[in-house]
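# Secondary and tertiary structure notes
Here's the letter readout for the chains.
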Amino acid sequence: MESPSTDSLTGNPAKLIVEGVSKRFTSSRALVQALDDVSLTIADGEFVCLIGPSGCGKSTLLDIIAGLTKPDSGRVLADGKVVEGPGRQRLVMFQESALFPWLDAFGNVMFGLKLRPDLTRAERKDIANHFLQLVGLEKFKRAHVHELSGGMKQRVALARALAPDPQVLLMDEPFAALDALTRDQLYDDIQRIWIESRKTIVFVTHNVREAVCLGNRVVLMSPSPGRITTIFDIALPHPRDINSRDLAGDTSTIAAALKGTLKEAAFE
Amino acid sequence: MKRTAVALLFFAFLIGAWELAVRSGRWSVVLLPSPIFVAEYIWGALLDGTLLESTWVTLKRLLIGYAAGVIIGLPLGLLTSTTQILEDTIGSLALGFQTLPSVCWVPLALVWFGQTEGAMLFVVIMGTVWSVILATDHGARNIPPIYARAARTMGSEGLHKWTRVILPASLPFLVSGMKQGWAFAWRSLMAAEIYVTILTGFGLGHLLHYGRELNAMEQVIGIMIVIVVIGLLVDRLLFSPWERFLHRRWGTNVKAA
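### Notes on the overall build of chain B
On a plain count of helices and strands, chain B comes out with 11 helices and 0 strands. Seen in sequence order, chain B has helices and strands lined up from the N terminus as α-α-α-α-α-α-α-α-α-α-α. Along the longest, intermediate and shortest principal axes, the C-alpha atoms of chain B span 75 × 55 × 30 Å. For chain B, the residues scored as buried account for 41% of the 257 residues in total. Long-range pairs, those at least 24 residues apart, make up 71% of the contacts in chain B between residues at least 6 apart in sequence. On chain B, roughly 14,300 Å² of surface is accessible, and the fraction owed to carbon and sulfur atoms is 71%. Across chain B, the mean location of the 19 positive side-chain charges is 14 Å away from that of the 14 negative side-chain charges.

### Here we look at the sheet that holds strand 4 (residues 73-78) of chain A
All names here are of chain A. Spatially, 2-1-4-5 is the arrangement adopted by the 4 strands of the open sheet, whose pairing is antiparallel. The open sheet terminates on both sides in strands that have one partner only, identified here as strand 2 (31-43) and strand 5 (81-82). In the sheet, strand 4 pairs with strand 5 via 2 bridges, with the strands oriented antiparallel. By the bridge assignment, Ala78 is partnered in strand 5 with Lys81.

### Some details on empty space enclosed by the protein
On inspection of all chains with the given rule, the structure shows 1 cavity of 30 Å³ or more. Reported here for the largest cavity is a volume of approximately 100 Å³. Lining the largest cavity are 14 residues, with Val92, Met93, Ala157, Arg160 and Ala161 of chain A positioned closest to its centre. Mapped by element, the contributors of at least two residues to the lining of the largest cavity are strand 6 (90-93) and helix 4 (150-162) of chain A together with helix 7 (145-153) of chain B. The element best represented in the lining of the largest cavity is helix 4 of chain A, accounting for 4 residues. A per-class count over the lining of the largest cavity returns 9 nonpolar, 3 polar and 2 charged.

### Details of the pattern of salt bridges
Residues and elements named next belong to chain B. Counted under the stated rule, the structure contains 20 salt bridges over all chains. Between Arg141 and Asp137 there is a salt bridge, and its shortest N-O distance comes to 3.1 Å. Taken together, the residues Arg141 and Asp137, both in helix 6 (residues 117-141) and 4 residues apart, mark about one turn of the helix.

### Some remarks on the layout of surface pockets
Gaps left between atoms show up when a probe the size of a water molecule is rolled over them. Residues and elements named next belong to chain B. Considering only enclosed or pocket space, the second largest pocket measures out at about 510 Å³ in volume. What lines the second largest pocket is a set of 14 residues, and nearest its centre among them are Phe11, Ile15, Trp18, Ile225 and Val229. If you list the elements that add at least two residues to the lining of the second largest pocket, you get helix 1 (2-23), helix 2 (35-47) and helix 11 (217-250). Among the elements that make up the lining of the second largest pocket, the one with the highest residue count is helix 11 (6 residues). Class assignment of the residues belonging to the lining of the second largest pocket gives a composition of 14 nonpolar, no polar and no charged.

### As for the domain arrangement of chain A
Residues and elements named next belong to chain A. Looking at the assigned domains, one finds that chain A contains domain 1 (1-89 + 169-247 + 260-268) and domain 2 (97-165). Between the C-alpha centres of domain 1 and domain 2 the distance comes to 25 Å. Counting residues at the interface gives 15 residues for domain 1 and 11 residues for domain 2. In terms of surface lost to domain 2, no three residues of domain 1 exceed Arg88, Ile193 and Lys199, which account for 41% of the buried area on that side. Remark: the boundary between domain 1 and domain 2 carries 2 salt bridges. In this structure, the salt-bridge partner of Asp189 is Arg155, at a minimum N-O distance of 2.7 Å. For the side of domain 1 that touches domain 2, the secondary-structure elements that each account for two or more residues are strand 7 (168-172) and helix 5 (180-197). At 8 residues, the largest contribution of residues to the side of domain 1 that touches domain 2 is made by helix 5. Here the side of domain 1 that touches domain 2 is built from residues that sort into 7 nonpolar, 3 polar and 5 charged.

### Thoughts on the sheet that holds strand 7 of chain A
Residue and element names in this part refer to chain A. With respect to topology, 6 strands assemble into an open sheet ordered 6-7-8-3-9-10, the strand pairing being mixed. Strands with a single pairing partner mark the edges of an open sheet, and in this sheet they are strand 6 and strand 10 (227-233). For this sheet, the mean inter-axis angle between neighbouring strands, taken without regard to orientation, is 20°. Pairing between strand 3 (residues 47-51) and strand 9 (residues 217-222): 4 bridges, direction parallel. Paired with Cys49 across the strands is Val218, a residue of strand 9.

### Brief notes about the interface of chain A and chain B
Opposite the 23 residues of chain A that make contact, chain B presents 21 residues. Across the interface of chain A and chain B, roughly 2,100 Å² is buried in total on both sides, 67% from carbon and sulfur atoms. At the boundary of chain A and chain B, one finds 1 salt bridge. In this structure, the salt-bridge partner of Arg149 of chain B is Asp63 of chain A, at a minimum N-O distance of 3.2 Å. Joining chain A to chain B, the criterion identifies 6 residue pairs in polar contact (both at pLDDT 80 or more). Secondary structure elements with two or more residues in the side of chain A that touches chain B: strand 6 and helix 2 (105-114) of chain A. The element that contributes the greatest number of residues to the side of chain A that touches chain B is strand 6 of chain A, accounting for 3 residues. Grouping the constituent residues of the side of chain A that touches chain B by class yields 13 nonpolar, 5 polar and 5 charged.

### Brief notes about the packing of aromatic side chains
All names here are of chain A. Tallied over the full model, the rule gives 19 aromatic pairs over all chains. Measuring from centroid to centroid gives 5.6 Å for Phe47 and Trp194, while their planes differ by 70°, and the two rings are edge-to-face. Here Phe47 is found in strand 3, whereas its partner Trp194 is found in helix 5, with 147 residues between them in sequence. Note on Phe47: relative accessible area 0%, which makes it buried.

### Focus: the state of the cysteines
Applying the stated criterion to the full structure yields 0 disulfides over all chains. For Cys213 of chain A, which is in no disulfide, the shortest distance to another cysteine sulfur is to Cys49 of chain A and amounts to 8.7 Å.

Conventions used here
Residues numbered from 1 in each chain as written. Chains lettered and ligands numbered in written order. Predicted model: local features only at pLDDT ≥ 70, side-chain atom pairs only at ≥ 80, totals over all residues. Heavy atoms only, no water. Helix = DSSP H or I, 4+ residues; strand = E, 2+ residues; numbered from the N terminus. Buried < 20%, exposed > 50% of the residue type's maximum accessible area, 1.4 Å probe, protein only. Contact = heavy atoms within 4.5 Å. Areas by Shrake-Rupley, 256 points an atom, 1.4 Å probe, with all protein chains shown as cover. Lys, Arg positive; Asp, Glu negative; His and termini not counted. Charge placed at Lys NZ, Arg CZ, Asp CG, Glu CD. Pairing = 2+ DSSP bridges. 1 Å grid on protein atoms, 1.4 Å probe; cavity = no way out; pocket = protein on both sides within 12 Å on 5 of 7 lines; lining within 4 Å. Points joined across faces, edges and corners; volume = space filled by probe spheres on them. Nonpolar A, V, L, I, M, F, W, Y, C, P; charged D, E, K, R; others polar. Salt bridge = Lys/Arg side-chain N within 4 Å of Asp/Glu carboxyl O. Domains from an automatic or database assignment. Buried area = accessible area lost by both parts, 1.4 Å probe. Axes fitted to C-alpha atoms, helices over the stretch in contact; angles between N-to-C directions. Polar contact = N/O pair within 3.5 Å; in protein donor to acceptor, adjacent residues only side chain to side chain. Phe/Tyr/Trp six-rings, centres within 6.5 Å; stacked < 30°, edge-to-face > 60°. Disulfide = S-S within 2.5 Å.

Take a look at the structure:
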C-alpha cells in the first residue's frame, strides 16, 4: 500500500514510519496529551535523536515504536508492516539497566539469543562472546549484575540488545545515569558500533550536545501536547568527539530552539 | 570461629544460670528440673528410640503438609498477583485467614476429620497455605516492571516469560515466603499434635502433651529443646544456602555474606 518512501538525506529506504500517532494518558489529576498527531520517517541505517523537555512524549514515542505501548490513533510501520507489539527486530535499551540479576553478564546477553530458534547452541555462545568482546567486557562474562559498575551494566545491556541482531535499536536515555567520563567513552563505542553495523538507531535524550554528537538528525519535540517542533540535520562526519568545537554551532542552535519550546510551554 | 565461640559461651551461660536457679531451691524440682535431668531424659529417649520415632512421625506430617501448602500456595499467589479479581477474592481471603492462629483450625478439623492423620494435615495446610499465597503475591508484585518490559522486547511471552523472568525475579520473595510458610507449618503441626490425640502416630507434640499429663517436666522441656533444635537445623540446612545464593546473586545483605 505504501510506496516505500525514501529519506531525502541518505536516499535509503524508510525503515520506520510514524504516521499521525497520538497518545493520551489519564492520570488521577489530569488528562495528558503525551503525543498529538506525530509523524516521522526514519531511513534505514539512520541515527536519529529525539530531544525535548520532560513531558514532550519522546519516551512514549519510543515505546510506541517498540510496540510496548499502543497508540490511541495513528500507526507505526516497520519495514512497511504495522507494528502490533514488541518484536525482536526492534530492541530497546532502557535508562536504568534492565539487566536480570539472576543471570550473570553472559546469561543476560544469552537471554535474547535463546529466543531465536534458528540458532544452534554453539552459535548462540559464539555470538554472546562476540558482543561481550565488542563492548570490552569479555573478562566479566561470569560477573553478577551487582558486581558491575553503572557503565559496565549499560555495556552489557548494549551487548544484550545487539546480540539478537535487531535491525532497529531503540535507546531511552541509556547514558543519563552515568558519570561524564564513562559517558564520553560510551559515545565513542556506540558510534563505532553504529558505523560498523549500520543499524537504525533511535536515541532519546534530553542532552543537546549528546544528540548533536550522535545523530544524523535531531528531532526536537515540545510538550503539552507532545509534538515535533523542528528537525535538524547534523552534517558533521562520524565518529564525532563530544568535546569537539565542531559541535558548538549545532548545539547552540538546538539549545536555543529547546529554550523556545520551554517558554511556549510555560506560557501556556 | 570467633562467632561460634561467642554463641557457645552464651548458651553455656544460659544453662549455667538455669542450673544455679534450680540449686537455689526456690522452685520445686518437679516444676523446674535441672538441665542434667533434661539431658538424661533426651539421652534416654534417644536410646530407646521413642525420640527418633516421634521425630520421624512429626517430620513426615510436616513435610507432607508443607509440600501441599506450597504446591497450592505458590501458583495461587502468582495468580493473585496478576489478576485484580483474584486479588480481591482469594487475596483478601488469604489475608483474613492468615491472621487466624492455626490452633483455631483444630476444633473444625476434629469435627470434620475425626482423630485422624487427615485432621493433622488439614491444620498444617491451613496454617501454611495463606502465608505462602501472601508472600508469593507480594513478591511477584514487587518485580520491577522494567524486567518484564525488557523481556517482552526480546520476544519473551507467555510461559517463557513466567518461567524465565517472573519466577526467577520473584525468587527472593518466594524463598522468604516459603520460609515463613515453614515456620507457620511447624507451629500449626505442634498445635495439632498437642490437641489431636490419635493412635496412628505418636509425634513430638504428643510427647509434649503426655509429659504434661505425667507431670514429667524434664520430658516437656526436653521435647521443647528438640523442637527448637529441629527448627534451627531446618533453617540452616534448607533455607540458609538459598538465602546465601540469592544474596550473592542480587548483591543484597553484603554485610552478612
